[in-house]
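Summary of the model geometry
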Amino acid sequence: MNQDKQLVSFNIQNAAYAVPKSEGSGWENFVKFASGSDSLALDANYSEKVIYSDGLVRATIPNDKGKTGTLTLLNIDNDYEIAMGRRMKTANGTSEIKQRKSVEHVLYYEFEYLDENTGATKVAKVQLYGVTSGRPSQALNQTTDDINNNNVDLSLTIKGMTMKANTGDTDYTDANGNIVKVWQTICLPGEEGYDTFGKTVVVPKAPIA
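Below: a short report on this structure. (Residues numbered from 1 in each chain as written. Predicted model: local features only at pLDDT ≥ 70, side-chain atom pairs only at ≥ 80, totals over all residues. Heavy atoms only, no water.)

1. Describing the overall build of the protein
Helix and strand content of the protein: 1 helix and 12 strands. Of the regular secondary structure in the protein, the N- to C-terminal order runs β-β-β-β-α-β-β-β-β-β-β-β-β. In terms of its C-alpha atoms, the protein occupies a principal-axis envelope of roughly 65 × 45 × 45 Å. Classification of the 209 residues of the protein by burial places 32% in the buried group. Counting contacts in the protein only where the partners sit at least 6 residues apart, residues at least 24 apart contribute 62% of the total. Summed over all atoms, the accessible surface of the protein reaches about 12900 Å², with 47% contributed by carbon and sulfur. Computed over 21 positive and 26 negative side-chain charges, the inter-centroid distance for the protein is 7 Å. (Helix = DSSP H or I, 4+ residues; strand = E, 2+ residues; numbered from the N terminus. Buried < 20%, exposed > 50% of the residue type's maximum accessible area, 1.4 Å probe, protein only. Contact = heavy atoms within 4.5 Å. Areas by Shrake-Rupley, 256 points an atom, 1.4 Å probe, with all protein chains shown as cover. Lys, Arg positive; Asp, Glu negative; His and termini not counted. Charge placed at Lys NZ, Arg CZ, Asp CG, Glu CD.)

In structure tokens, the structure reads:
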């Protein structure tokens, strides 16, 4: 089977999140954002340090700290805000509260892409690891000639998750003794585990030798 070539990507859909279990290790199941998502923009938090000597470039050291981004939703999701520690169910409804913790979670979403090999539209599934988000802001606009919907932007920081060995829960290290940080995993149709990829958090593991 030829590896899919993603000629063009579009239509983010089915965005969801999973938080750590309250007791013990592991993750809760994914919860879909109630309002649905409008867009997702991701930027690399990456720079390089160039080392000079005798007028020449002697080395280039990468500084890769993950990703930042913005997830745009159609509306603020109460359950998500409660899970992030920014809202609380109270006797009078739902209250915004002072945030005293930053909850790392896993963000799941899908997007469609056109496979250049076959010309078919397919669905890719993605998990982003070590995600934290900022408090969303919201503006309500007056309806004039048409209904003006009011999207909500969530600022994201993606710090990643340490890759595990393909057996057990030990951290994987490369041939130089470095741990491997994983920012995201993309699973395409036909790849191992595609059918269940969005049901539970898939902890990244090293390839089988």
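Okay, back to it.
2. Thoughts on the pairing of strand S3 (residues 37–53)
Moving residue by residue along a regular strand, the side chains alternate between the two faces of the sheet. In this structure, S3 lies alongside strand S4 (residues 56–73), joined through 15 bridges in antiparallel fashion. In the strand pairing of S4, Tyr46 is matched with Asp64. The hairpin formed by S3 and S4 contains 2 residues between the paired strands, and Asp54 there has a positive phi angle of roughly 55°. (Pairing = 2+ DSSP bridges.)

3. Some details on the packing of aromatic side chains
The tally for this structure, following the rule as stated, stands at 5 aromatic pairs. Each ring, one from Tyr17 and one from Tyr80, has its centre 4.9 Å from the other, and the planes form 75°; the classification is edge-to-face. Taken together, the residues span a long stretch of sequence, with Tyr17 in strand S1 (residues 6–18) and Tyr80 in helix H1 (residues 78–83) at a distance of 63 residues. Residues Tyr17 and Tyr80 agree in their burial class; the two are buried. When the centroid spacing of 5.0 Å and the interplanar angle of 55° are considered together, the rings of Phe33 and Tyr80 count as tilted. (Phe/Tyr/Trp six-rings, centres within 6.5 Å; stacked < 30°, edge-to-face > 60°.)

4. A short note on unusual backbone geometry
Positioned with a positive phi, Asn14 is a non-glycine residue whose angle comes to about 55°. Judged by relative accessible area, Asn14 falls into the partly exposed class, the value being 32%. Of note in the backbone geometry, Asp54 takes a positive phi value of approximately 55° without being a glycine. Here Asp54 shows up in the loop between S3 and S4.

5. Considering the environment of Gly168
Along the chain, the position of Gly168 falls in the loop between strand S10 (161–162) and strand S11 (181–182). Distance from Gly168 to Lys205, taken between C-alpha atoms, is 9.6 Å for residues 37 residues apart in sequence.

6. Quick word on a nonpolar patch on the surface
A contiguous nonpolar patch, built from Leu7, Val8 and Phe10 and spanning about 250 Å² of accessible area, is present on the exposed surface. As for its position among the elements, Val8 is in strand S1. (Patch = residues over 30% accessible without salt bridge, like charges linked within 9 Å, V, L, I, M, F, W, Y side chains within 5 Å. Salt bridge = Lys/Arg side-chain N within 4 Å of Asp/Glu carboxyl O.)

Functional significance is not addressed by these values, which are geometric in nature.
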